[in-house]
Amino acid sequence: MERSKLPVLFFDSGVGGISILRRSVGLLPCEDYLYFGDSLHAPYGVRPLAEVRELCLDALEPRIARGVKALVVACNTATSAAIGALRERHPDLIVIGTEPAIKPAVERHEGGRILVMATPMTLKEEKFLALQAQYSPRAEIIPLPCPGLMEFVEQGVTSGGAVEGYLLDKLEPYRNIPVDAIVLGCTHYPFLAGAIRRIAGRHVEIIDGAGGVAQQLRSRLAAEGLLSARTEPGRVEFENSLDQPEILEFCRTLLCAPEE
């Protein structure tokens, strides 16, 4: 098949990467997409990077072999663990990873105070520490580890007393001091943006990297002449390592969920 007609493959440790997928579908509606979530092994953030690398490769290699024109690794931990190996194995494939959106947050709030909500693993990774070191001279960057927060999304809980109680406990220390922005450093967290907004207040900008990844995908496809030439909407297919109808339906629900 002609490469431009092949689908774009999205990969995440669960359902969180759908936050990037829905931005990409909005920006590039005529593309076909295949989304694979490894919910069976979620969360990746509690596993050694070597184990995460093998999980990623085991899941992705057979799907790449079917034929795809681009791969978006929509998970910070998976990006750190496996993106180098994927690019080495598939040098002709567009491979895009993710990272916490510290750069745009600092550019919009120079000299301000920025919270970075992320999994404990993400906040320990070299990529985050390098970003923090690079941008700390320009803003106060405060890491806020949120163990267990992504699991709410995996369980279909994006609002209500349990999740808001968790967020209140985490954000309470910052409600009486000026915080300019909150970076959502896990792809699951945009589905909790409404709950985070209710705790943090309207004066705090909430920033995630989904839009930037979608823009990068469009730019890379355009540069290689791989944008779909169709004018009708493409297909979005979901696969998940749990292989349960309920989780596939949940994926479709998240794709259509309005952004808050």
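Before reading on, note that the structure itself is shown above.
This one's a predicted model, so the numbers in the text were calculated from it and none came from an experiment.

Observations regarding the pairing of strand β1 (residues 8–12)
For step 1, the next point in the chain: Here β1 lies mainly inside the structure; five of its five residues are buried.
For step 2, the next point in the chain: Taking every second residue as pointing to the same face, both faces of β1 are buried, with Val8, Phe10 and Asp12 on one and Leu9 and Phe11 on the other.
For step 3, the next point in the chain: Bridging between β1 and strand β2 (residues 33–37) involves five bridges; their strand directions are parallel. By the bridge assignment, Leu9 is partnered in β2 with Leu34.
For step 4, the next point in the chain: You can see the chain leave β1, run along helix α1 (residues 18–27) and come back into β2, and the turn it takes is right-handed.

A short note on the pattern of salt bridges
For step 1, the next point in the chain: Following the criterion strictly, the structure yields 17 salt bridges and no others.
For step 2, the next point in the chain: Notably, a salt bridge pairs Glu110 with Arg138, separated by 3.0 Å at the nearest N-O pair. Residue Glu110 is located in the loop between α4 (102–108) and β5 (113–118), and its partner Arg138 is located in the loop between α6 (126–135) and β6 (140–145); the two are separated by 28 residues in the primary sequence.
For step 3, the next point in the chain: A residue is classified by how much of its surface remains accessible, and Arg138, at 31% relative accessible area, is partly exposed.
For step 4, the next point in the chain: What emerges from the salt-bridge pattern is a single network uniting Asp32, Arg230, Arg235 and Glu237.

Notes on the side chain of Ser228
For step 1, the next point in the chain: Positionally, Ser228 belongs in the loop between α10 (210–223) and β9 (236–240).
For step 2, the next point in the chain: Reaching out from Ser228, the side chain makes a polar contact with the backbone nitrogen of Arg230 at a distance of 3.2 Å.
For step 3, the next point in the chain: In this structure Ser228 touches Ser4, Cys30, Glu31 and Lys69, once residues within four positions along its chain are discounted.

Topic: the packing of aromatic side chains
For step 1, the next point in the chain: By the definition in use, this model includes five aromatic pairs.
For step 2, the next point in the chain: An aromatic cluster is defined as three or more aromatic residues linked by ring pairs; in this entry it consists of Phe11, Phe36 and Tyr44.
For step 3, the next point in the chain: It is Arg63 that lies over the ring of Phe36; its NZ or CZ is 3.9 Å from the centre.

As for the pairing of strand β7 (residues 181–184)
For step 1, the next point in the chain: Taking every second residue as pointing to the same face, both faces of β7 are buried, with Ala181 and Val183 on one and Ile182 and Leu184 on the other.
For step 2, the next point in the chain: Taken together, the four bridges between β5 and β7 define a ladder with parallel strand orientation. When the bridges of β7 are listed, Val116 appears paired with Val183.
For step 3, the next point in the chain: One ladder, built from three bridges, connects β7 with strand β8 (residues 205–207); its direction is parallel. Across the sheet, the residue bridging to Ala181 is Glu205, located in β8.
For step 4, the next point in the chain: Taken together, β7, helix α9 (residues 193–200) and β8 form a β-α-β motif whose crossover is right-handed.

The rules behind the values
- For every chain, the first residue of the written sequence is number 1, and numbering continues from 1 onward in sequence order.
- Whole-chain, interface and lining totals are the exception, using all residues; otherwise, since this is a predicted model, local features are given only for residues with pLDDT of at least 70 and side-chain atom pairs are given and counted only at 80 or more.
- Side-chain measures here rest on the full set of heavy atoms in the structure, leaving out hydrogens and waters.
- Partly exposed describes any residue whose relative accessible area lies between the buried limit of under 20% and the exposed limit of over 50%, with all areas from a 1.4 Å probe on protein chains only and scaled to the type maximum.
- The way it works is that DSSP assigns letters per residue, a run of H or I at least four long becomes a helix, a run of E at least two long becomes a strand, and they are numbered from the N terminus.
- DSSP-based pairing: two strands are paired if at least 2 bridges between them are found.
- By convention, a crossover is right-handed whenever its connection, traced from the first strand over the helix to the second and viewed with the strands pointing away, goes clockwise.
- In the sections that follow, a salt bridge refers to a side-chain nitrogen of Lys or Arg positioned within 4 Å of a carboxyl oxygen of Asp or Glu.
- The term polar contact refers here to a pair of N or O atoms within 3.5 Å; inside protein, the definition further demands a hydrogen-donor-capable atom paired with an acceptor-capable atom, and it admits residues adjacent in sequence only when both atoms are side-chain atoms.
- Here, two residues are considered to be in contact whenever any of their heavy atoms come within 4.5 Å of each other.
- Centre distance within 6.5 Å is the pairing criterion for rings of Phe, Tyr and Trp, where only the six-membered ring of Trp is used; planes under 30 degrees apart are then read as stacked, over 60 as edge-to-face, and the remainder as tilted.
- Either the NZ atom of lysine or the CZ atom of arginine qualifies as a charge over a ring when it sits within 6 Å of the ring centre and within 35 degrees of the ring normal.

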